[in-house]
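Notes for the structure review
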Amino acid sequence: KQEVTQIPAALSVPEGENLVLNCSFTDSAIYNLQWFRQDPGKGLTSLLLIQSSQREQTSGRLNASLDKSSGRSTLYIAASQPGDSATYLCAVGSDKIIFGKGTRLHILP
Amino acid sequence: DAGVIQSPRHEVTEMGQEVTLRCKPISGHDYLFWYRQTMMRGLELLIYFNNNVPIDDSGMPEDRFSAKMPNASFSTLKIQPSEPRDSAVYFCASTVGGALSSYNEQFFGPGTRLTVL
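The following paragraphs examine the structure supplied in this document. (Residues numbered from 1 in each chain as written. Chains lettered and ligands numbered in written order. Predicted model: local features only at pLDDT ≥ 70, side-chain atom pairs only at ≥ 80, totals over all residues. Heavy atoms only, no water.)

Per the secondary structure count, chain A includes zero helices and eleven strands. Taken from the N to the C terminus, the helices and strands of chain A come in the order β-β-β-β-β-β-β-β-β-β-β. On C-alpha atoms alone, chain A measures out to a radius of gyration of 13 Å, which is about the 13 Å that the 2.2 N^0.38 rule sets for 109 residues. Its C-alpha atoms give chain A principal-axis dimensions of roughly 40 × 25 × 20 Å. Counting over 109 residues, chain A shows a buried share of 44%. For chain A, the proportion of contacts with a sequence separation of at least 24, taken over those separated by at least 6, is 54%. As displayed, chain A offers around 5,200 Å² of accessible surface, 49% of which is attributable to carbon and sulfur atoms. (Helix = DSSP H or I, 4+ residues; strand = E, 2+ residues; numbered from the N terminus. Rg over C-alpha atoms; globule rule 2.2 N^0.38 Å. Buried < 20%, exposed > 50% of the residue type's maximum accessible area, 1.4 Å probe, protein only. Contact = heavy atoms within 4.5 Å. Areas by Shrake-Rupley, 256 points an atom, 1.4 Å probe, with all protein chains shown as cover.)

Take a look at the structure:
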């Protein structure tokens, strides 16, 4: 059974710093992995989608990597801004779509 | 495009009542997903449709839950009878893709916050 874990559950970082969010999964037989952002009381916004054949995807200040063999993905955020404060979730696509519980990120002004 | 539309945004009902949640996917998307989000369990996939046909409903918690997609632009999730433990935020999402293994990015609606008293 696929399990997706995101550690830490919460993170506070001063503005301007670079940071890394982690996502791990137990079954490496995945088709893809997607990172989402969720603002309080809102739906999820897709940030990056990595297919199983890819190792990373980049969008602006965001870079997501995927290492299937070790069951890990990271989301790198460069030059963090207060507007980056949100909960970040990863979702693993295999026979089912399994979400992690997210990392609640707070960027300190 | 208006994105995925869900209604109502908030629903408060009493235990035992029937609840119907509605979703309009993005035009042209052939996959539609229903999720439930709670603090304890996080985001869980309940059911998904491809071309209006239910493909996997193994996430539906009980027979009290049912979902339909009568056409490509409308889906409902019904709970009958509702119970307090059904209180959660219910999300609908849509995407376009040939098969689950190659689905593209999912687009989520704003969710319906359900409270069952």
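Now that the structure is up, let's keep going.
Another point: the sheet that holds strand S7 (residues 62-67) of chain A. Residues and elements named next belong to chain A. Taken in spatial order, the five strands make up an open sheet running S1-S3-S8-S7-S6, and their pairing is antiparallel. Single-partner strands in this sheet number two, and they are strand S1 (4-5) and strand S6 (56-59). Note: strand S3 (residues 19-25) against strand S8 (residues 72-77), six bridges, orientation antiparallel. Paired with Val20 across the two strands is Tyr76, which belongs to S8. (Pairing = 2+ DSSP bridges.)

All right, on to unusual backbone geometry then. Put simply, Ile7 of chain A and Pro8 of chain A share a cis peptide bond, and its omega is 5°. Here Ser7 of chain B and Pro8 of chain B are connected by a cis peptide whose omega angle stands at -10°. A positive phi angle is found at Ala79 of chain A, which is not glycine, with a value near 45°. Within the secondary structure, Ala79 of chain A sits in the loop between S8 and strand S9 (86-93). Of note, the phi angle at Asn52 of chain B is positive, near 75°, even though the residue is not glycine. Note on placement: Asn52 of chain B falls in the loop between strand S5 (42-50) and strand S6 (53-56). According to the relative accessible area criterion, Asn52 of chain B is partly exposed, its value standing at 28%.

In this assembly, 20 residues from chain A lie in contact with 21 residues from chain B. Of the roughly 1,600 Å² buried between chain A and chain B, counting both surfaces, carbon and sulfur atoms make up 52%. Broken down residue by residue, the surface that chain A buries against chain B is led by Leu44, Ile97 and Phe99 of chain A, which jointly contribute 31%. Where chain A touches chain B, the interface holds zero salt bridges. (Buried area = accessible area lost by both parts, 1.4 Å probe. Salt bridge = Lys/Arg side-chain N within 4 Å of Asp/Glu carboxyl O.)

Before going further, it helps to spend a moment on the side chain of Thr112 of chain B. Here Thr112 of chain B shows up in strand S11 (residues 112-116). The exposure class assigned to Thr112 of chain B is buried, which follows from its relative accessible area of 0%.

Bringing the state of the cysteines into the picture now. Residue and element names in this part refer to chain B. Inspection of every chain in the model, using the stated rule, returns two disulfides over all chains. Shown here is the disulfide that connects Cys23 with Cys92, its sulfur atoms set 1.9 Å apart. Given an S-S torsion of about -65°, the disulfide between Cys23 and Cys92 has left-handed geometry. Of this pair, Cys23 sits in strand S3 (residues 19-24) while Cys92 sits in strand S9 (residues 88-95), and the two are 69 residues apart along the sequence. (Disulfide = S-S within 2.5 Å.)

Turning next to the nonpolar core. Of all hydrophobic cores here, the largest spans 22 residues; its most connected members are Leu33, Trp35, Leu75 and Ile77 of chain A. Counting residues in hydrophobic clusters, the runner-up holds 21 residues, among them Val19, Leu32, Met69 and Tyr90 of chain B. (Core = buried A, V, L, I, M, F, W, Y, C linked by side-chain atoms within 4.5 Å.)

What follows deals with the pairing of S11 of chain B. All names here are of chain B. Residues of S11 alternate between two faces, with Thr112, Leu114 and Val116 buried on one and Arg113 and Thr115 left unburied on the opposite face. Relative to S11, strand S2 (residues 10-13) runs parallel, the two sharing four bridges. Looking across to S11, one finds that Thr13 is bridged to Val116. Where S9 meets S11, three bridges bridge the pair, whose relative direction is antiparallel. By the bridge assignment for S11, Ala88 is matched with Leu114.

Shape descriptors only; they carry no functional weight alone.
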